[in-house]
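A structural walkthrough
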Amino acid sequence: MAGNHQVRVRFAPSPTGQLHIGNVRTALFNWLFARQRGGIFILRIEDTDVERSEARYETQLMEDLKWLGMDWDEGPDVGGPYPPYRQSDKMDVYREYAERLIREQKAYYCFCTAEELERDRAQAMAEQRQPNYSGKCRNIDLAEAERRRAAGEPAAIRLQIPERPIRFHDIVRGDVEFSNEVVSDPIIVRSSGMPTYNYVVVIDDAGMKITHVVRGDDHISNTPKQVAVYEALGLPVPEFAHLSTILGPDRERLSKRHGATSVANFREMGILPEALMNYLALLGWAPSGGDRELFPKDELIKEFSLQRVTPSPAVFDTEKLHWLNRQYIKQSAPERIRQMGIEILQRAGLLPVSVNSNVSGWANSMIDLLAPYVDQLDQLPEKAKIIFSNDPAAALAVPENAEAFNDKGKAVAQAFAKRTESESPLTPERFKAIMDEVKAETGAKGKDLFHPVRIMLIGSHSGPDFNKLIPLLEDGSKLELPVHVKNVRERVAEFMAVLEQRA
RNA sequence: GUCCCCGUCGUCUAGCCUGGCCUAGGACACCGCCCUUUCACGGCGAUAACACGGGUUCAAAUCCCGUCGGGGACGCCA
């Protein structure tokens, strides 16, 4: 394909806060589209809102994108042929274009005051009309307007919307048409001399030779205004693709009150980046056939297509994200999960700040054992409670557990206790032998045999395999850890004390 | 209020453009069974949807109109 047909897309966030999940999805679709088509993905930081923009958010935003696995070909850090990629502050260019529009009578000075406009708007609403600009300054003679400005009267510049419908093509929604009646002449330069967003964004996008504008559908109503700017300036109009909104479970736009909504949140929770990317891609896009869910990055790039993006809004479903995350945890190299797990356990105060090889070896086996049980890695400390804490009273307070210690269960507990008080350390082999003896002595088998023992050891009748659990308890008890791990003998002794007392 | 967008299982969606292959497919969740001396994992299975009403047609989830419902935009914010 010839170079001049090359796809050029951009993600243009404002560094005013944490990168929101909806915005990353927009970034992702831009990126996937660019990579799929062998195009250019551009990062442009919109920090014109000086009051709210912060450098740390910009850094964070770039880290978040990288963490997710995205890269950009042009941007504030890597440069590119059409700078600037940070400030879209090209005042002279904006002014020059605005002057040209005035000269060509495609734009005009507007002397209306804010109060006047507000009054008109309120009246239109009251009369159930579209609150459009009246157009009262449209016919002020240019010479007259210049005279008033020279006399110090403040004036904004408005673009004159043509007397015909404005159409544009949207890859997701097809042809979209807005009647010119509903598109007010937009202000492109404020009376303060500052250009407005709808004007600036067009010049910036055109300047960067953007071929496809992929963004959230909250911009769809702005699009006719922007198209009018392109046309007035004689600039080529790009293709558009407006992505639907991501909703919370209550079908309201996803926001902070729905819980985790920023990339940073998911990262801290121990969601793997490939799982998040996969999930986000599936929100609004599906492959033809729609029968595959697992899409690693490379597969997404291969399969993605903007034409297949759905126009309807999607509810964010944490359960499905969790499912994908579990899939990727299982597929992932064990070392990676171990390392992440150790950091999380350290933060929870269960592992020392610096781990020696004895501790890390032990921690690794523990993480290997527990990781398949979690939806997100930050659940590890909670799951590790079975190893780090031992509370017989609490365990017996659960009716279901207490029931396991009927006469037969109690006999099992006593027989087991009798054999383990001298058995230390306990190996899995020895454990098995003991269980066989207990079985012979008490006649208990199956659940009757194993439930009491498991409750004694970890306070619950469900949990990981004994063969792996026993060594973890025995080895852990010998390590210097912030929280002492009790071995089997200690656990059984404590448990029996409480059990006898209750009887 | 006006305009725009959207409307398939509880959720994400395939199918819709190019009507018949749809007895509407897949996935998550839920439920059941199997595996496992428990739980989880895994395997198998079940329940579950074309918003409603009119057309057009031999035939409509698919095309047209209307209604209802949801979301968004209506700024000298971005």
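Look a little higher up for the structure.
Because the structure is predicted, anything quoted here is derived from the model rather than measured.

The rules we used
- Residues numbered from 1 in each chain as written.
- Chains lettered and ligands numbered in written order.
- Predicted model: local features only at pLDDT ≥ 70, side-chain atom pairs only at ≥ 80, totals over all residues.
- Heavy atoms only, no water.
- Disulfide = S-S within 2.5 Å.
- Buried < 20%, exposed > 50% of the residue type's maximum accessible area, 1.4 Å probe, protein only.
- Helix = DSSP H or I, 4+ residues; strand = E, 2+ residues; numbered from the N terminus.
- Pairing = 2+ DSSP bridges.
- Core = buried A, V, L, I, M, F, W, Y, C linked by side-chain atoms within 4.5 Å.
- Contact = heavy atoms within 4.5 Å.
- 1 Å grid on protein atoms, 1.4 Å probe; cavity = no way out; pocket = protein on both sides within 12 Å on 5 of 7 lines; lining within 4 Å.
- Points joined across faces, edges and corners; volume = space filled by probe spheres on them.
- Nonpolar A, V, L, I, M, F, W, Y, C, P; charged D, E, K, R; others polar.
- Phe/Tyr/Trp six-rings, centres within 6.5 Å; stacked < 30°, edge-to-face > 60°.
- Lys NZ or Arg CZ within 6 Å of the ring centre and 35° of its normal.

Counted under the stated rule, the structure contains zero disulfides. Cysteine 112 provides the cysteine sulfur closest to cysteine 110, a residue in no disulfide bond, and the two sulfurs are 3.7 Å apart. Residue cysteine 110 is classed as buried on the basis of its relative accessible area of 3%. With no disulfide of its own, cysteine 112 has cysteine 137 as its nearest cysteine by sulfur position, at a separation of 3.5 Å.

This paragraph deals with the pairing of strand E5 (residues 166-170). Side-chain alternation along E5 places Ile166, Phe168 and Asp170 on a buried face and Arg167 and His169 on a face that remains uncovered. Of the strand pairs in this sheet, E5 and strand E6 (residues 174-178) are connected by five bridges, and their pairing is antiparallel. Bridged to aspartate 170 within E6 is glycine 174. Once E5 ends, the chain turns through three residues before running back antiparallel as E6.

A few words on the nonpolar core. Ranked by internal contacts, the top residues of the largest apolar core, which has 110 residues, are Leu65, Phe316, Trp362, Ile387 and Phe416. Ranked by residues supplied to this core, first place goes to helix H1 (residues 21-36) with nine residues. The contacts of leucine 65, once residues within four sequence positions are left out, are Phe11, Leu19, Val24, Ala27, Leu43, Met70 and Trp72. Counting 38 residues, the second-largest nonpolar core is a separate cluster that includes Ala107, Ala145, Ala155 and Val201.

Once that is clear, we can look at the layout of surface pockets. As a volume, the largest pocket reaches approximately 1400 Å³. As for the largest pocket, its lining consists of 49 residues, of which Ala12, Pro13, Ser14, Asn23 and His219 are closest to the centre. Of all the secondary structure elements, the ones that give two or more residues to the lining of the largest pocket are strand E1 (8-11), H1, helix H3 (91-103), helix H6 (197-207) and strand E8 (212-216). Tallied by class, residues from the lining of the largest pocket come to 17 nonpolar, 20 polar and 12 charged. Looking at the second largest pocket, its volume works out to about 340 Å³. Residue lining of the second largest pocket: 19 residues in total, with Pro131, Asn132, Tyr133, Ser184 and Lys225 positioned closest to the centre. Secondary structure elements with two or more residues in the lining of the second largest pocket: helix H4 (114-126) and helix H7 (223-233).

A word on the packing of aromatic side chains. For the coordinates displayed, the defined rule picks out 13 aromatic pairs. Ring centres of phenylalanine 266 and phenylalanine 316 lie 5.8 Å apart, and the angle between their planes is 45 degrees; on these two criteria the pair is classed as tilted. Taken together, the residues span a long stretch of sequence, with phenylalanine 266 in helix H8 (residues 263-269) and phenylalanine 316 in the loop between strand E11 (314-315) and helix H11 (318-331) at a distance of 50 residues. Between tyrosine 279 and phenylalanine 316, the ring centres sit 5.1 Å apart and the planes meet at 80 degrees, which makes this aromatic pair edge-to-face. With tyrosine 279 in helix H9 (residues 273-282) and phenylalanine 316 in the loop between E11 and H11, this pair connects stretches of sequence that are 37 residues apart. Taken as a pair, tyrosine 279 and phenylalanine 316 share a single burial class, namely buried. An aromatic cluster of three or more residues is present, and its members are Phe29, Trp285, Phe295 and Phe304. Note that arginine 25 overlies the ring of phenylalanine 29, its terminal NZ or CZ placed 5.3 Å from the centroid.

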